[in-house]
Amino acid sequence: MPDRDQTEQRPIEREEFRRRAASLLARFRSHTDADPEWTYLSPSYALVGLDEWSIGDGAAADVDACIRDLHRSAARRGIQRIVVEVVASDAPALAAFRAAGLRDSSVFAVASSAGTSSVRVQVDTVRTAGTEDRATIVALAREEALFQAVSTSAGTSVHQPVALFEALADDWLGDLGSTTVLVAETGLPTGRPEILGLMVVQDTESAASERGLGLPERHGYIAVASVTATARGRGTGSALFAAAEAWCVGRGLDAIALDYIVDNAAARPFWSARGFRPVVIRLAMRVG
Ligand SMILES: CC(C)(COP(=O)(O)OP(=O)(O)OC[C@H]1O[C@@H](n2cnc3c(N)ncnc32)[C@H](O)[C@@H]1OP(=O)(O)O)[C@@H](O)C(=O)NCCC(=O)NCCS
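Keep in mind the model is a prediction, meaning the values are calculated, not measured.

1. Observations regarding the environment of A95
Here A95 shows up in helix α2 (residues 91-99). Since 12 C-beta atoms lie within 10 Å of it, A95 is described here as exposed. As for A95 and A60, which are separated by 35 residues in sequence, their C-alpha atoms are 8.5 Å apart.

Printed below as a string of structure tokens:
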């Protein structure tokens, strides 16, 4: 999942769109399959961030015109997707962007870490992973990304190289002071335990915009949640999340946050059942 503050992507162009009562400032970005901001964004996109638009009273028609301008400009540059970030409680803005043809795409969601989760079936053992688990961590992180690319409308690439996931695994394993890498194993008494799932949680300083949305100074950020396809729906994800929540509570982190794609049929019910509520909604429109 993308690190919201440490993207390697560079804006390739800034362009301002102004009408009577609405304005959008878009950052056009392109990246390769090997860049780290890989989970939610297509290889080229125009991002209109939370602080980069404004809508005056009764300006829905202006929003529509702004989006049409942006669409034309993006198409000229070979941009694949327009993404606009909106605070989830801003109903008029959500309505205006939806009326202009954008659709809910992904959310930044937050839950309290007050121990709300329950483990339905304790089939697995959850433990903290180490460097000896690197290959499995790489495989499960890749499986999550492929699932999202194939099974959701995220528009992400299926061609991200293994080296990208190896680099992410090394980052996580090299930062165990503020990251926990949790794996769930089969609890079979015989044979070699098989790793079924991975959850990575990072002790993260909340950005100013996130604090403005009610997040505390620090929060636990779930960077990856991945249960291998054959093991899903049996309680492995629940067991991993219970351990993730306990880690957050142990570090005094009152809130847990993550990003998910709204049409991820596995993730959306899983996170909402665990108390996660959207704080920021990203609306998207395909170009071309
Ligand atoms: C999301 C995920 C981590 C959940 O782990 P899991 O082991 O399957 O989940 P559990 O068995 O502990 O919990 C099942 C719950 O998850 C939800 N769920 C899981 N898979 C689902 C599916 N295919 N369709 C609908 N709901 C699903 C349900 O809410 C279910 O509720 P229940 O407890 O009432 O049965 C796992 O399904 C997964 O890895 N999915 C693919 C990758 C992914 O989408 N990762 C999350 C990115 S944000």
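Still more to cover.
2. So, the site of the ligand
Surveying the vicinity of the ligand reveals 21 residues, the closest of which are R232, G237, S238, A266 and P269. At the level of secondary structure, the elements contributing two or more residues to the shell around the ligand comprise α3 (134-151), β10 (218-227), α6 (236-250) and α7 (267-273). Among the elements that line the shell around the ligand, the one with the most residues is α7, at four residues. Partitioned by chemical class, the residues of the shell around the ligand number ten nonpolar, seven polar and four charged.

3. Observations regarding the nonpolar core
Residues A46, A141, M199, L240 and A244 are the most contacted members of the largest nonpolar core, which totals 81 residues. For this core, the element with the highest residue contribution is α6, accounting for eight residues. Among the domains, domain 1 (11-107) and domain 2 (111-278) are the pair contributing at least three residues each to this core. In contact with A244, not counting residues within four places along its chain, are L182, M199, V201 and I222.

4. Quick look at helix α4 (residues 162-173)
For an α-helix, the turn length of 3.6 residues means that residues three or four places apart are oriented alike. Here α4 spans 16 Å end to end across twelve residues, near enough to the 16 Å set by a 1.5 Å rise per residue. Of the residues making up α4, those classed as buried are F165, L168, A169 and W172. Looking down the long axis of α4, one finds its buried residues gathered within 100° of arc, a one-sided arrangement.

5. Quick word on the confidence of the model for the protein chain
Summing up the model confidence of the protein chain, the mean pLDDT is 87 and the portion of residues at 70 or higher is 85%. When mean pLDDT is compared element by element in the protein chain, β10 scores highest at 98, while strand β1 (residues 11-18) scores lowest at 65. Below a pLDDT of 50 lies the segment residues 1-8, which in the model reaches 17 contacts outside its immediate sequence neighbourhood of four places, other chains included.

Conventions we followed
- The residue numbering used here restarts from 1 in each chain and proceeds along that chain's sequence as written.
- Residue-level local features of this predicted model are given only where pLDDT is at least 70; pairs of side-chain atoms are given and counted only at 80 or more, and the full residue set underlies all totals for whole chains, interfaces and linings.
- Where helices and strands are cited, they refer to DSSP runs of H or I of at least four residues and of E of at least two residues respectively, numbered from the N terminus.
- To assign burial, the other C-beta atoms lying within 10 Å of each residue's own C-beta are counted, with C-beta atoms placed from the backbone; 20 or more indicates buried, 12 or fewer indicates exposed, and intermediate counts indicate partly exposed.
- Each residue gets a C-beta atom placed from its backbone. Should that atom fall within 6 Å of a molecule or strand, the residue is termed near it.
- Ten residue types, Ala, Val, Leu, Ile, Met, Phe, Trp, Tyr, Cys and Pro, are classed as nonpolar, four, Asp, Glu, Lys and Arg, as charged, and the remainder, Gly among them, as polar.
- One nonpolar core equals one set of buried Ala, Val, Leu, Ile, Met, Phe, Trp, Tyr and Cys residues connected by C-beta atoms within 7 Å.
- Each domain's limits were defined by an automated method or a database of domain assignments.
- We call two residues in contact when their backbone-placed C-beta atoms lie within 7 Å.
- One less than the number of residues in a helix, times 1.5 Å, gives the span that helix is expected to have.
- Working definition: the arc comes from the directions between the helix axis and the C-beta atoms, pointing outward to the latter.
- pLDDT gives the predictor's per-residue confidence on a scale running from 0 to 100.

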